[in-house]
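Single-letter residue listing:
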Amino acid sequence: MIILGIESSCDDTSAAVIRDGVLLSNVTASQAVHEAYGGVVPELASRAHQQNIVPVVDQALKKAGVEREELSAIAFTRGPGLMGSLLVGVSFAKGLAASLDIPMIEVNHLQGHVLAHFVREEGDDHTPPPFPFLCLLVSGGNSQIILVRAYNDMEIIGKTIDDAAGEAIDKCSKVMGMGYPGGPIIDRLARQGNPKAFQFARPQIPDYDYSFSGLKTSFLYNLREWVAGDPDFVEKNKADLAASLEHTIVDILMKKLRKAAKDLRIKHVAVAGGVSANTGLREAFHDHARRFGWTVYIPKFGYTTDNAAMIAMAGCFKYKDKEFCSMDKPAYSRVEI
Ligand code: KG4
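The model shown is predicted, which means the values in this text are computed figures rather than measured ones. (Residues numbered from 1 in each chain as written. Predicted model: local features only at pLDDT ≥ 70, side-chain atom pairs only at ≥ 80, totals over all residues. Heavy atoms only, no water.)

We now examine the side chain of Thr248. Following the sequence through the fold, Thr248 ends up in helix α7 (residues 233-264). The exposure class of Thr248 is buried, given its relative accessible area of 3%. If we ignore the near neighbours within four places in the chain, the residues touching Thr248 are Phe200, Ala201, Arg202 and Leu215. (Helix = DSSP H or I, 4+ residues; strand = E, 2+ residues; numbered from the N terminus. Buried < 20%, exposed > 50% of the residue type's maximum accessible area, 1.4 Å probe, protein only. Contact = heavy atoms within 4.5 Å.)

The structure is reproduced here in structure tokens:
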């Protein structure tokens, strides 16, 4: 079983090859073009995908040492994501599958992030989480707690009612005049700052849901006031601001996750999505493992942001169950897990 995975939901064009459950290649072309705009520009993203898709797939096959004709199926991200971006990957997958006369497997991008925990490289001895487990999915577009009962049975038990955690980090970074994406910048600065230096608003939301828009507004209003009193405020305090922001967000995320794990009596807890690269969040997971006896699953850095390895992995699961899709499946920009 050799599966080619294709991912193009946002601003990363990625292709990966998995043979019998083992990852042979995972090639990603990221798009620096958006940095100047402080966020992803959809039209530019789809144009860049069009330029990247052929060389990226070609490289993934070459790196894997696999000929096109050897592929068993093509797994592709059908959604959610930016429509123009998705269309490039979906159309390419359809064309290639038709020309090779092999089945296509549609993958929900969010399920792909969760299944990144099952990606295995040659010689890897990591153990994937056993079902059921909880997965905190945190990215630029999502903040969700997912109860994962099986590879194809996932339930969102909590989600943000407004902004995602990554979005809040990116926006706070922007108002401080720092670059895009803000996540890695805040992470780096936070390591040198005091996480208790500043207090920001924390949401009072019931159940397992999140909210980050109040925190973002509180950050913005406080900052305006401080900068009015001292124009060099950000420069003088950037490490403390970053550390306090990160600390607040990690605290909010872990509090609801703790509640869900306790209520559902689940001790296998995973984290996925772009924000799972965050050092403070990773430390919090290890700390919870020590304090609450959790077994935690933290993805390798390469599988935190968008990648095709996770799509190919989802494809492997579905291939075994012969869960193929027909050529008439359109891309979808919005869909739940
Ligand atoms: O999953 P992802 O690559 O893409 C989408 O959301 O589509 O996540 C991107 C998000 C951005 O908000 C970025 O700032 C954040 O992940 N991020 C981080 C870190 N690295 C990326 N946030 C905090 N700390 C990081 N080290």
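What follows deals with the pattern of salt bridges. When charged atoms on two side chains of opposite charge get close, those side chains can pair. Using the criterion set out here, one finds 18 salt bridges in the structure. Salt-bridge contacts for Glu43 lead to Arg47; the nearest nitrogen and oxygen are separated by 2.9 Å. Placement of both Glu43 and Arg47 in helix α1 (residues 42-64) is noted, with a separation of 4 residues, approximately one turn of the helix. A residue is classified by how much of its surface remains accessible, and Glu43, at 46% relative accessible area, is partly exposed. Residue Glu167 is joined to Lys171 by a salt bridge in which the shortest nitrogen-to-oxygen separation is 3.2 Å. Within this pair, Glu167 and its partner Lys171 are both found in helix α4 (residues 165-175), separated by 4 residues, close to a single helical turn. One salt-bridge network, in which partners are shared between bridges, spans Glu121, Asp124 and Lys300. (Salt bridge = Lys/Arg side-chain N within 4 Å of Asp/Glu carboxyl O.)

As a further point, take α7. Given 3.6 residues per helical turn, the α-helix brings residues three or four places apart onto the same face. Between its terminal C-alpha atoms α7 stretches 45 Å, which fits the 46 Å expected from 32 residues at 1.5 Å a residue. Roughly 50° is the biggest bend found in α7, and it falls at Ala239. Of the residues flanking the end of α7, it is Arg265, one or two places downstream, whose phi is positive at about 55°. (Expected span 1.5 Å × (residues − 1). Bend = angle between axes of the 7 residues up to and from the residue.)

Right, let's talk about the site of the ligand for a bit. Looking at the ligand, there are 18 residues lining it, with Gly140, Asp170, Gly183, Asp187 and Gly274 nearest. Take Gly141: an N or O atom from its main chain is 3.4 Å from an oxygen atom of the ligand. Note that an oxygen atom of the ligand is positioned 2.9 Å from one of the backbone N or O atoms of Gly274. Compared with its free state, where it exposes 550 Å², the ligand has 86% of that area covered by protein. Considered class by class, the residues forming the shell around the ligand number 5 nonpolar, 10 polar and 3 charged. Both of domain 1 (2-125 + 303-320) and domain 2 (133-301) provide at least three residues apiece to the shell around the ligand. (Near = heavy atom within 4 Å. Polar contact = N/O pair within 3.5 Å; in protein donor to acceptor, adjacent residues only side chain to side chain. Areas by Shrake-Rupley, 256 points an atom, 1.4 Å probe, with all protein chains shown as cover. Nonpolar A, V, L, I, M, F, W, Y, C, P; charged D, E, K, R; others polar. Domains from an automatic or database assignment.)

A full pass over the atoms with the stated rule returns 14 aromatic pairs. The ring of Phe301 has Arg282 sitting right over it, with the charged end atom 4.1 Å from the ring centre. (Phe/Tyr/Trp six-rings, centres within 6.5 Å; stacked < 30°, edge-to-face > 60°. Lys NZ or Arg CZ within 6 Å of the ring centre and 35° of its normal.)

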